[in-house]
Amino acid sequence: MTVFTKRFAIVFAVLAIFAAACTGSDEPAATTAAAPATTAAAEEPADDMDDAEPFKIGLVTDTGKVDDKSFNQSAWEGAQQAAAALGVEANYIETEEAKDYENNIGLFVEDGANVIITVGFGLGDATIAAAQANPDIFFIGVDQFQGETLPNLAGLIFPEDKSGFLAGALAGMLTETDIVGAVLGTDLVPPVVAFKEGWEHGARYTNAGVQTISTYHPGGLDVAFGDPDWGAATARQALDQGADIIFGAGGATGNGALIEIASQDGAYCVGVDTDQWNTVPEAQPCLLTSAMKLITPGVADLVAQASAGEFTGGNYLGEVGLAPFHDFDDVVTDDMRATLDDVLVGLNDGSIDTGWPPG
């Protein structure tokens, strides 16, 4: 077993457990909750909890939907996993507009939530303010780097540049046109930029002559991750310019790109955040792999820490990796896998520069 295989064997096993949650209905099962949020039931509370106030878990999405088959969905699955382990329920609120961040967090505060998960860079300021105002509530900010440590706020962050670099390195070896593309959410979100920089640098690392076509959505946070039509059109433009492998990194926007590419012969696509083979089956005809950030286990672990009284504020570094190659396993040669092993070693020991952060 190679270094690369060993490194991600656990990742693949974890993802297999969660895959079933993504293959059924897109909507979580609804129950009744005090807060005006759609809720999902976990297991029945244990008998020894009957006399105690149940542990309450709330999740606030960014402006993407909770079933976006990517970022928000991965966080929600982590909340559900934690809820099932504790024998309680997890509730969510889908944010419609950025101006609602503070209010949506406040709804869970009023409902007596013990831990509130906010998903996305855009909720960072509102999450910090809520944590400062409510020191008895634990907060988990997904993709929210914490410059100043608060004891009740953990930022779940990831080295997206490394995940993007690995995917780009594979693309650089596989492209036949020497042109690869990326359809991205807004550059207002640093993790999206990190994915893009890693992708481009990775492609050039294994193919010095490769050209890259990377396009950010021109809209703001309210629309950049929920525009599959723009994603499809932008992917089509990249294909028309000769790109034969395209990275879709932008929630529903990126998913639109993947599905468009899947309708074409001779092109590969790369998913993001989770193994999108499971979450976007329409993309399977082109889906080579996905540049993953393991949001689900990261969220579940932090909720467990909060429940056990072991929560530590500050930054929590989550895991990243590549998803399985599925139907394209035979396309990735032994030499390519060996190169990816070497790349992984270089990324981990710092000898390979991903291009992020710049300078």
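Residues numbered from 1 in each chain as written. Predicted model: local features only at pLDDT ≥ 70, side-chain atom pairs only at ≥ 80, totals over all residues. Heavy atoms only, no water.

Engineer: Lay out the side chain of Asp244 in plain terms, naming residues and giving numbers.
Structural biologist: Relative to the assigned elements, Asp244 resides in the loop between α7 (228-240) and β9 (245-249). For the buried residue Asp244, which engages in no salt bridge, the nearest side chain bearing the opposite charge is Arg236, 13 Å off. A distance of 2.7 Å separates polar atoms of two side chains, one belonging to Asp244 and the other to Thr175. Those residues in contact with Asp244 that lie beyond four places of it in its chain are Thr175, Glu176, Thr177, Ile179, Gly266, Ala267 and Tyr268. (Helix = DSSP H or I, 4+ residues; strand = E, 2+ residues; numbered from the N terminus. Buried < 20%, exposed > 50% of the residue type's maximum accessible area, 1.4 Å probe, protein only. Lys, Arg positive; Asp, Glu negative; His and termini not counted. Salt bridge = Lys/Arg side-chain N within 4 Å of Asp/Glu carboxyl O. Polar contact = N/O pair within 3.5 Å; in protein donor to acceptor, adjacent residues only side chain to side chain. Contact = heavy atoms within 4.5 Å.)

Engineer: Just give me the short version of the packing of helix α3 (residues 101-110) against helix α4 (residues 124-133), but keep the residues and values in it.
Structural biologist: Their axes nearest at 9 Å, the elements α3 and α4 cross at an angle of 40 degrees. Between α3 and α4 lies a crossing of right-handed hand. For the pair α3 and α4, contact is made by Tyr101, Glu102 and Ile105 and by Ala126, Thr127 and Ala130, respectively. For the contact of α3 with α4, the per-class residue count stands at four nonpolar, one polar and one charged. (Axes fitted to C-alpha atoms, helices over the stretch in contact; angles between N-to-C directions. Left-handed = near helix turned anticlockwise from the far one by under 90°. Nonpolar A, V, L, I, M, F, W, Y, C, P; charged D, E, K, R; others polar.)

Engineer: Can you lay out empty space enclosed by the protein for me, pointing to particular residues and giving the numbers?
Structural biologist: Counted by the stated rule, this structure contains two cavities of 30 Å³ or more. Roughly 290 Å³ of volume is contained in the largest cavity. Forming the boundary of the largest cavity are 22 residues, of which Phe71, Val189, Val192, Phe225 and Asp273 lie nearest the centre. Secondary-structure elements contributing two or more residues to the lining of the largest cavity are α2 (71-86), α6 (190-206) and β10 (268-273). Of the residues in the lining of the largest cavity, the class split is 11 nonpolar, six polar and five charged. (1 Å grid on protein atoms, 1.4 Å probe; cavity = no way out; pocket = protein on both sides within 12 Å on 5 of 7 lines; lining within 4 Å. Points joined across faces, edges and corners; volume = space filled by probe spheres on them.)

Engineer: Describe the packing of α2 against helix α10 (residues 295-308), listing the residues and the values that go with them.
Structural biologist: Relative orientation of the contacting elements α2 and α10 amounts to 40 degrees, with a least axis distance of 7 Å. Looking at the two axes, α2 sits oblique to α10. For the pair α2 and α10, the crossing hand works out as right-handed. Residues Phe71, Ser74, Ala75, Glu77, Gly78, Ala79, Gln81, Ala82 and Leu86 of α2 pack against Ile295, Thr296, Val299, Ala300, Val303 and Ser307 of α10. Residues belonging to the contact of α2 with α10 are distributed by class as follows: nine nonpolar, five polar and one charged. (Parallel < 35°, antiparallel > 145°, perpendicular 65-115°, else oblique.)

Engineer: Go over the pattern of salt bridges, please, and point to the residues and values.
Structural biologist: Within the structure shown, the criterion is met by 11 salt bridges. Residues Glu197 and Lys196 are paired through a salt bridge, measuring 3.1 Å at the closest nitrogen-oxygen approach. Considered together, Glu197 and Lys196 belong to a single accessibility category, that of buried residues. Of the charged contacts, one joins Glu200 and Lys196 as a salt bridge, the two residues approaching to 3.4 Å between their closest N and O atoms. Here Glu200 pairs with Lys196, and both are found in helix α6, just four residues apart, close to one helical turn. According to the relative accessible area criterion, Lys196 is buried, its value standing at 14%. One network of salt bridges, in which partners are shared, links Lys65, Glu94 and Glu96.

Engineer: Explain the confidence of the model for the chain to me, and be specific about the residues and the numbers.
Structural biologist: When pLDDT is averaged across the chain, the result is 88; 86% of the residues are at 70 or more. Here residues 1-50 is a poorly scored stretch, pLDDT under 50, and it has 92 contacts once near neighbours within four places are set aside; other chains count. (pLDDT = per-residue confidence, 0-100.)

Engineer: So what's going on with α2? Residues and values would help.
Structural biologist: Between its first and last C-alpha, α2 extends 23 Å over 16 residues, near the 22 Å set by a 1.5 Å rise per residue. When α2 is considered as a whole, its buried residues turn out to be Phe71, Asn72, Gln73, Ser74, Ala75, Trp76, Glu77, Gly78, Ala79, Ala82 and Ala83. Count one or two residues on from α2 and you reach Gly87, which has phi positive near 70 degrees. (Expected span 1.5 Å × (residues − 1).)

Engineer: Now, about the state of the cysteines: what can you tell me, with residues and values included?
Structural biologist: In protein structure, a disulfide is the covalent linkage between the sulfur atoms of two cysteines. Under the counting rule described, the total for this entry stands at one disulfide. Cys269 shares a disulfide with Cys286; S-S distance 2.1 Å. Note on the Cys269 and Cys286 pair: the S-S dihedral is about 85 degrees, so by sign convention the disulfide is right-handed. One end of the pair, Cys269, is in strand β10; the other, Cys286, is in the loop between α9 (276-279) and β11 (287-293), and 17 residues separate them in sequence. You'll find Cys269 and Cys286 in the same group, each marked buried. (Disulfide = S-S within 2.5 Å.)

Engineer: Quick one: what's the story with α6, residue by residue and with numbers?
Structural biologist: Between the first and last C-alpha of α6 there are 25 Å, a value that for 17 residues agrees with the 24 Å anticipated at 1.5 Å per step. Within α6, 12 of the 17 residues are buried, which leaves it mostly tucked inside the rest of the structure. All of the buried residues along α6 are Pro191, Val192, Val193, Ala194, Phe195, Lys196, Glu197, Gly198, Trp199, Glu200, Gly202 and Ala203. In this structure, the buried residues of α6 make contact with α5 (160-174), β7 (179-184), β8 (211-216), β9, β10 and β11.

Engineer: Which residues make up the nonpolar core, and what values do they have?
Structural biologist: Counting 34 residues, the largest nonpolar core has Leu170, Trp199, Ile245 and Phe247 as its most contacted members. With seven residues, α5 is the largest single contributor of residues to this core. Once residues within four sequence positions are removed from consideration, Phe247 is found in contact with Gly181, Ala182, Val183, Phe195, Trp199, Val270, Gly271, Val272 and Ala291. With 28 residues, the next largest nonpolar core counts Phe71, Ala83, Phe158 and Phe311 among its residues. (Core = buried A, V, L, I, M, F, W, Y, C linked by side-chain atoms within 4.5 Å.)

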